[in-house]
Amino acid sequence: MEFFKGDKGDKVDKVYKVKQITSLYETCNGCGLPIINCICDKSPKVSTRAQFWILSSEREFYRPSNTARLIKLINPDSTEIFQWERTKIPTELIKNIDMEDYTTFVVFPAENEELEKRKVQFELTKKIPAFIILDGTWKEARKIFRKCDFLKSLPIVSIEQNYASDYDLRKGAAEGNLCTIEAAIEILKMNGELDSSQDMDDYYKLFLENYKAGVSGHKVRR
Ligand SMILES: [Zn+2]
């Protein structure tokens, strides 16, 4: 499965070969797992009202630990992945932001006073809520946030998590930060889409289990 292929504009139109987490097996480009543990066809399909517009560092497309591709797999109609490039303005994403039907938020921790002022309490409105999630390591996400002028006028939604992240696939992940799919799961709860949130959470747990088994070349039997 090559879900990056065929997107237009600044959406990702190149097929990236996801790196292998084990030398024993090829990686599935759909879910990022070794082919023996591919979970592409185990994905329930949801179609959420909340839109996910994921702005991603290019490096993410090679990383098997990327979780944005899982969001796209389970929620294809409401998820778009855009590639961030330092020298290029993501025109397709900006077009989305300018559309009347949506009210757009950027998901980011209000880590200083200036950002605290831009932080809003999310409320349901008639408009479709769209959430820009910055995808990358914490360092990359911060860089994207800092360099994107078009994000500066958008209200910030911060995820108040009351549990620890289950995401332990990357070294040096800052404590307390959620990974991309965990953020999406919380956003869906916030938007009252509890069933979809649960489906996404179950799928994420399945991914973690298969990833960890895959690192040692084991097949998950079920
Ligand atoms: Zn797969």
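Refer to the structure printed above.
Residues numbered from 1 in each chain as written. Predicted model: local features only at pLDDT ≥ 70, side-chain atom pairs only at ≥ 80, totals over all residues.

Student: I'd like a description of the nonpolar core, backed by residues and values.
Tutor: By size, the foremost hydrophobic cluster in this structure holds 46 residues, and its most contacted members are F131 and A184. For this core, the secondary structure elements donating two or more residues are β1 (51-57), α1 (68-74), β2 (79-84), β3 (102-107), β4 (128-135), α4 (138-147), α5 (180-190) and α6 (194-215). Setting aside its immediate chain neighbours within four residues, F131 contacts A50, Q51, F52, W53, F105, V107, V157 and I187. (Core = buried A, V, L, I, M, F, W, Y, C linked by C-beta atoms within 7 Å. Buried ≥ 20, exposed ≤ 12 C-beta atoms within 10 Å, placed from the backbone. Helix = DSSP H or I, 4+ residues; strand = E, 2+ residues; numbered from the N terminus. Contact = placed C-beta atoms within 7 Å.)

Student: Tell me about the sheet that holds β1, residues and numbers included.
Tutor: What the 5 strands build is an open sheet, ordered β2-β1-β4-β3-β5; its pairing is parallel. The two strands at the open ends of the sheet, each matched to only one other strand, are β2 and β5 (156-157). When β3 meets β5, the two strands line up parallel, connected through 2 bridges. Counted as the bridge partner of V106 is I156 from β5. Against the sheet, α4 touches β1, β2 and β4, its axis set at about 120° to β4. Sheet contacts for α5: β1, β3 and β4; angle to β4, the most-contacted strand, approximately 160°. (Pairing = 2+ DSSP bridges. Axes fitted to C-alpha atoms, helices over the stretch in contact; angles between N-to-C directions.)

Student: Break down the pairing of β3 for me, citing the residues and quoting the values.
Tutor: Relative to β4, β3 runs parallel, the two being bridged by 6 bridges. Within β4, the residue paired with T104 across the bridge is A130.

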